[in-house]
Amino acid sequence: IITSLTLSLIHILGFRCAGEEKRVGTRTVFVGHRPVSETDAYVEQKFCDNRIVSSKYTVWNFLPKNLFEQFRRIANFYFLIIFLVQVIVDTPTSPVTSGLPLFFVIIVTAIKQGYEDWLRHRADKEVNKSSVFIVENAKQVKKHSEKIKVGDIVEVKADETFPCDLIFLASSNDDGICYVTTASLDGESNFKTHYAVRDTTGLQTDDDIDSLTATIECEQPQPDLYKFVGRINIYRSNQEPVARSLGPENLLLKGSTLKNTKKIYGVAVYTGMETKMALNYQGKSQKRSAVEKSINAFLVVYLCILVSKATVCTTLKYIWQSNPFNDEPWYNQKTIKERDTFKILRMFTDFLSFMVLFNFIIPVSMYVTVEMQKFLGSFFIAWDKEMYDEEIKEGALVNTSDLNEELGQVEYVFTDKTGTLTENSMKFIECCIDGHKYKDGISEVDGFSHTDGPLRYYGKCREELFLRALCLCHTVQIKGGDNVDGLRVNQECWTYISSSPDEIALVKGAKKYGFTFLGHEADYMKVQNQKNEIEKQRSLNLTTHFECFNLLFNSVLGKFLLFCKGADSSIFPRVQQDEIQQTKVHVERNAMDGYRTLCVAFKELTQEDYKKINDQLSEAKMALQDREEKMARIFDDIEADMHLIGATAVEDRLQEHAAETIEALQTAGMKVWVLTGDKMETAKSTCYASRLFQTNTELLELTTKTMGDSDRKEERLHELLLEYHKKLLQDFPKNSGKLKSQEYGLIIDGSTLSLILNPSQDSSSSNYKSIFLQICLKCTSVLCCRMAPLQKAQIVRMVKNTKGNPITLSIGDGANDVSMILEAHVGIGIKGKEGRQAARNSDYAVPKFKHLRKLLLAHGHLYYVRIAHLVQYFFYKNLCFILPQFLYQFFCGFSQQPLYDAAYLTMYNICFTSLPILAYSLLEQHINIETLTSDPRLKISDNAMLQWKPFLYWTFLGSFEGLVFFFGVYFLFQNSSLEHNGKVFGNWTFGTIVFTVLVFTVTLKLALDTRFWTWMNHFVIWGSLAFYVFFSFFWGGIIWPFLKQQRMYFVFAHMVTSVSTWLAIVLLIFISLSPEILLVVFKNAKRKNHQVRNERIYHNASLLWRGASVLLNTDRLWGSNAPFAPRERLPASHRVIPSCTKKGQKVLTRGTAPIRGSRCISSAFSVSL
């Protein structure tokens, strides 16, 4: 209850996501629950407890809540009503026919959902009951995690997970540093450095930490993982209180893991469902596929048909009975009182009886078959050997089988970057110093080549200054190795750890050229130079500011040097403009190659400058309001007029075939968006490398850099939105008629997204979101960087709820991707290096991003085609089944007399026609998997097979065949004596003939639709027909003791003795299938003509190419691999287009991308195979 109230309060207060400028109040936390002074009375504050609740049900509400959710489905509710009618009213059929399938589905679904929730309960209990140590009265007290309160001092040891959000007070390291991994939060497995409060670093024992008297003022809980504002007031006896600022570097988040540090002490500030991890958790909701929605729409249509049939029959019955001779026989006449009593009630019960009689038009067994098809079909994904990864020894995993067909209808793909598109493995490629490129070709022995000009800056060359910047300007730490007299030996055992893998790559790159970082010692950073000398540089200040990383240290000459490392967009405006051009050329070339680039600059400061800067930063850090803006203004002054040294290029290698996969998805008509928490420049280079952005793509930016001055951010945002909206929606249609229109890509960061989704209340522009969404949908690709986990889910939800409700898919590998995975229609988890949170919360899990291609284009396509055919087929065969029953009422006085025997009514959908369509829906391949994977253009979009046009076609087909069944047999029975001895057949023989034609026709119809025959298809199709014949003989050949009426005794056996019956059955089956047979013949003829035409064109093209080869001697260029060589068939994806007019113009294309080296000979022909 407390958790629910707390969450409700959080939503009422209106917490927003990353980038929000206005905070919602503050909270005061008493460290250790001790008042500031002994005279003050401590009043315990009311905060959320530390319990985590992710389960959906309890023991008490499971049954009513689960039943309510299940009966919200139209089909389940409908069959419940029919079952109750059959129980209450005297109907022609037994309640078992409707109740048994319904209860089977309800019970199985309840067991499945109950088991899944039990797993969530178990996971919650494991977390809540885990042991933690709390310092109370200078002693460690062991408690359950759920017992932690805000203000408790918690001890966490190495490799343990933080049980709540803690302010870092002290660690086992004297320098007050600890290292954590946040793989379960932001997907990054690299080490991140956190710093204890400066005045509490010496409190390394239980007695010392228990003596601390302090209060913490901080903001209220909010979900942004990267922002925290607070301050700690430390009280000492007979001294003035000391106030220190608190930032994200002092906050240890729940879910993070302590690494490379023996233990830490921290005070709890956010607990339970108020932690940042819990606020970023998107609750798991039940997903429904578009096919299920289509089924419900078709179900409404058939319900209308059912009600119409029951209404017509009820009305005509009483019209027919208005004639006294039709109402009752002469031997059983009713009195006037009997005729007038309860007439309306009798009409209503007759209406319900007709509803039950025609109830089989609604395919109750379809839902059971669909569930079986989804469950069994999901095994084909897990069994796919091409989706098995040898590195992790695992294949694909299906966590939910309800969305198999949705894989084939995806329109938007939202993907994470690090660990999903890339391998998160950085490699130093090259560097540029004063415009000169240095790569692997220069060895460590040779050193660096000197640039032209004299050596400058303290007698050191520019190369050494650059290398020192790489060795000193970072957060890298060293793990492992042996210490002997303060020096590390056995350098092969070193392991560099850092919050950023590219920093490790840069340190390793500097080491390759002779400058080795040896770690920290107190306030010093040790570096071994090219002469194997150990240098100690004193670090005085370490700051990270937006895209820049600043290091201020005391140089060997007693002066202060400020090194600044960051993206070119951040460094270039801060350096001398005449130093930019040489380096800019290399940076742009590296960015085009897909490398991550960083620029390095420096500035010399005096003692007075340093003291002034230090005082300004200390004052700004104490602010609880607008801290970021105040510090930004100080950094702008510090970083002005710097000197550019050079730039680096680091490769974040893409996963294998990641670019080809994105290209295939885009060719299939899907739009790919990248949502990442990484920096804009890094993400942009990855997008170029993965072909999300092309070289001709015009990028539109909505970032903090383009927003400009913070005082008019919303005004600037409004201007940019209107500018981009005009360019895309007004100017873009004018260019749509050109041969190749301009492609646009959008880049947005988390802060700007917050302004769009949560504009200030005094903002006059309330339509930001609408304009932004229109811009996004017009762009070919979108990159969202610096995204908080919850913002990723907001982006997915925004697109998912647009007009048309496009099918969305999210894919990621870290816990920071869980929210968007749960929000999308389909969630895919990568079994990567960042833990398995994404894989556990996803609908499907795959080892690599490249497996998404086959999962969507092959498996998804086939699943959709199969289940779409299954749905249409079920409605079709049930319409064929019930239409003769409806027509029969016109010939039996609307007496509700069944046309078919009860056994046939029950077994039609369960036994006679169920297995063939189930086998079809599991095994059918109308196009082979290799073709589907290689040609993305074969994707079926917009739920095309379950639209109203194909539905009406199947309905027409069912109506036509139902009419043929009934009236064909009716005309056969014009002479009821079908045997030479004059013996007359009765009404059960009439119904059995109709039913026999029905079963054979719908089964053979499925055989005509089958394109991929296996032994199982043959077995179930011909076996079902044989079983029907066997059952009919068996059912009518024995006197059943438990039956009161033996109306089917010897009916079938007697029926098949008539030659006329045999001829009628064969003829009616042929007539019923004639439209389908003609359609198949027409398609085959058309396909054959198309093949002949292609072969003729191919032959002409081959001759023309051979003649061109003689004229232009192209065999020297192509060799034996000429695409029109007579001995080699032109691949299906190659096409010669007739658009060139100049000799030598390149025109041969594969898909849409030109193949280099081909030459146009003539524009008189076109080849398309």
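Note that the structure is predicted; figures quoted are calculated from it, not measured. (Residues numbered from 1 in each chain as written. Predicted model: local features only at pLDDT ≥ 70, side-chain atom pairs only at ≥ 80, totals over all residues. Heavy atoms only, no water.)

Enquirer: Which parts of the structure should I look at to understand the overall build of the protein?
Expert: Across its full length, the protein carries 37 helices and 39 strands. The buried share among the 1169 residues of the protein stands at 53%. Pairs at least 24 apart in sequence give 73% of the contacts found in the protein among residues at least 6 apart. (Helix = DSSP H or I, 4+ residues; strand = E, 2+ residues; numbered from the N terminus. Buried < 20%, exposed > 50% of the residue type's maximum accessible area, 1.4 Å probe, protein only. Contact = heavy atoms within 4.5 Å.)

Enquirer: Help me understand the sheet that holds strand β5 (residues 165–171) in this model?
Expert: The strands that make up a sheet pair up through hydrogen bonds in the backbone, lying either parallel or antiparallel. Sheet architecture is open: six strands sit in the order β3-β2-β4-β13-β5-β11, paired in antiparallel fashion. Single-partner strands in this sheet number two, and they are β3 (139–144) and β11 (251–252). Pairing geometry for strand β2 (residues 131–136) and β3, over six bridges, is antiparallel. Directly across from Phe133, in β3, lies its bridge partner Lys142. (Pairing = 2+ DSSP bridges.)

Enquirer: Looking at this structure, how should I read the side chain of Ser353?
Expert: In this fold, Ser353 is placed in helix α11 (residues 343–357). With relative accessibility at 3%, the residue Ser353 sits in the buried group. For Ser353, the contacting residues outside a window of four places in its chain are Val89, Asp90, Thr91, Pro92 and Gln896.

Enquirer: Quick question: what am I supposed to make of the packing of aromatic side chains here?
Expert: The geometry of an aromatic ring pair is captured by the separation of the ring centres together with the interplanar angle, meaning the angle of the planes. All chains considered together, the criterion is met by 52 aromatic pairs. Aromatic pair Phe298 and Trp948: ring centres 5.4 Å apart, planes at 70°, arrangement edge-to-face. With Phe298 in helix α8 (residues 290–320) and Trp948 in helix α32 (residues 948–972), the pair connects residues that are 650 residues apart, well separated along the chain. In this structure Phe298 comes out as buried when scored by relative accessible area, which is 1%. (Phe/Tyr/Trp six-rings, centres within 6.5 Å; stacked < 30°, edge-to-face > 60°.)

Enquirer: Help me understand the packing of helix α12 (residues 364–382) against helix α28 (residues 851–888), please; the structure alone is not making it clear to me.
Expert: How two helices pack is summed up by the angle between their axes together with the distance between the axes. Closest axis-to-axis distance for the α12/α28 pair is 11 Å, and the angle between their directions is 165°. One finds that α12 runs roughly antiparallel with respect to α28. Crossing hand, α12 versus α28: right-handed. Here α12 contributes Ser365, Met366, Thr369, Val370, Gln373, Lys374, Gly377, Ser378, Phe380 and Ile381 to the contact with α28, which in turn contributes Leu855, His859, Tyr863, Arg866, Ile867, Leu870, Val871, Phe874 and Phe875. (Axes fitted to C-alpha atoms, helices over the stretch in contact; angles between N-to-C directions. Parallel < 35°, antiparallel > 145°, perpendicular 65-115°, else oblique. Left-handed = near helix turned anticlockwise from the far one by under 90°.)

Enquirer: When you look at unusual backbone geometry in this model, what are you seeing that I'm missing?
Expert: Phi is mostly negative for residues that are not glycine, and the peptide bonds are mostly trans. Notably, His657 is not glycine yet its phi reads approximately 60°, a positive angle. As for its placement among the helices and strands, His657 is situated in the loop between β28 (643–654) and α19 (658–667). Positive phi, normally seen in glycine, also occurs at Gln896, with a value near 65°. With respect to the element layout, Gln896 can be found in the loop between α28 and α29 (902–912).

Enquirer: What is the right way to look at the environment of Phe168 in this model?
Expert: Looking at the secondary structure, you find Phe168 in strand β5. The contact partners of Phe168, leaving out residues within four places of it in the chain, are Gly176, Ile177, Cys178, His194, Tyr195, Ala196, Val197, Asn250, Leu252, Ile264 and Tyr265.

Enquirer: Explain the sheet that holds strand β32 (residues 781–785) to me, please; I cannot follow it from the model alone.
Expert: One open sheet accounts for nine strands, arranged β14-β35-β34-β33-β15-β29-β32-β31-β30; its pairing is mixed. Each end of this open sheet is capped by a strand with a single partner; those strands are β14 (397–398) and β30 (698–702). Bridge count between strand β15 (residues 412–415) and strand β33 (residues 808–812): four bridges; the pairing is parallel. Within the sheet, the bridge partner assigned to Val413 lies in β33 and is Leu809. Packed on one face of the sheet, helix α23 (residues 750–757) meets β30, β31 (744–749) and β32 and runs near 90° to β31.

Enquirer: Can you walk me through the confidence of the model for the protein in this structure?
Expert: For residues with low pLDDT, the predicted coordinates do not support detailed interpretation. Averaged over the protein, the pLDDT score is 77; the fraction of residues at 70 or greater is 79%. Between residues 1–24, whose pLDDT stays under 50, and residues either more than four places distant or in other chains, the model counts 46 contacts. In the predicted structure, residues 1114–1169 sits below a pLDDT of 50 and forms 93 contacts with residues beyond four places in sequence or in another chain. (pLDDT = per-residue confidence, 0-100.)

Enquirer: Sorry, what's going on with the environment of Tyr888 here?
Expert: Inspection of the secondary structure puts Tyr888 in helix α28. In sequence terms Tyr888 and Tyr970 are 82 residues apart; their C-alpha atoms lie 9.7 Å from each other. Tyr888 has contacts with Gln897, Pro898, Leu899, Phe966, Asn987 and Phe990, leaving out every residue within four places of it along the chain.

Enquirer: Help me understand α23, please; the structure alone is not making it clear to me.
Expert: Owing to its 3.6 residues per turn, the α-helix aligns residues three or four sequence positions apart on the same side. Here α23 lies mainly inside the structure; six of its eight residues are buried. Within the span of α23, buried status applies to Gly750, Thr752, Leu753, Ser754, Leu755 and Ile756.

Enquirer: I'm lost on helix α20 (residues 680–689) in this one. Help?
Expert: Among the ten residues that make up α20, eight are buried, leaving the element largely enclosed by the rest of the structure. Those residues of α20 lying buried are Met680, Glu681, Thr682, Ala683, Lys684, Ser685, Thr686 and Cys687.

Enquirer: What am I meant to see in the pairing of strand β1 (residues 26–30) here?
Expert: Every regular strand shows the same layout, with side chains that alternate between the two sheet faces. Because side chains alternate across β1, one face comprises the buried residues Arg27 and Val29, and the other comprises Thr26, Thr28 and Phe30, none of which is buried. Taken together, the five bridges between β1 and strand β8 (residues 214–219) define a ladder with antiparallel strand orientation. From the neighbouring strand, Thr28 faces β8, where its bridge partner is Glu217.

Enquirer: Teacher, can you tell me more about the pattern of salt bridges here?
Expert: Where charged atoms of side chains with opposite charge meet at close range, the side chains can pair. Taken as a whole and judged by the stated rule, the model has 36 salt bridges. Between Lys129 and Glu146 there is a salt bridge whose closest N-O contact spans 2.7 Å. On the criterion of sequence distance, the pair formed by Lys129 in the loop between α4 (96–128) and β2 and Glu146 in the loop between β3 and β4 (153–157) is long-range, its members being 17 residues apart. Overall, Glu146 belongs to the buried group, its relative accessible area being 15%. Glu503 is the partner of Lys565 in a salt bridge, and the nearest nitrogen-oxygen pair spans 3.7 Å. Taken together, the residues span a long stretch of sequence, with Lys565 in strand β26 (residues 560–566) and Glu503 in helix α14 (residues 501–512) at a distance of 62 residues. Put simply, Asp199, Arg236 and Arg244 are held in one network by salt bridges that share partners. (Salt bridge = Lys/Arg side-chain N within 4 Å of Asp/Glu carboxyl O.)

Enquirer: Got a minute to help me understand the pairing of strand β27 (residues 596–605) in this structure?
Expert: The buried fraction of β27 is high, at nine of ten residues. Across seven bridges, the pairing between β26 and β27 is antiparallel. Bridge assignment links Lys565 to a residue of β27, and that residue is Val600. Where β27 meets β28, seven bridges bridge the pair, whose relative direction is antiparallel. For Thr597, the partnering residue across the bridge sits in β28 and is Ala649.

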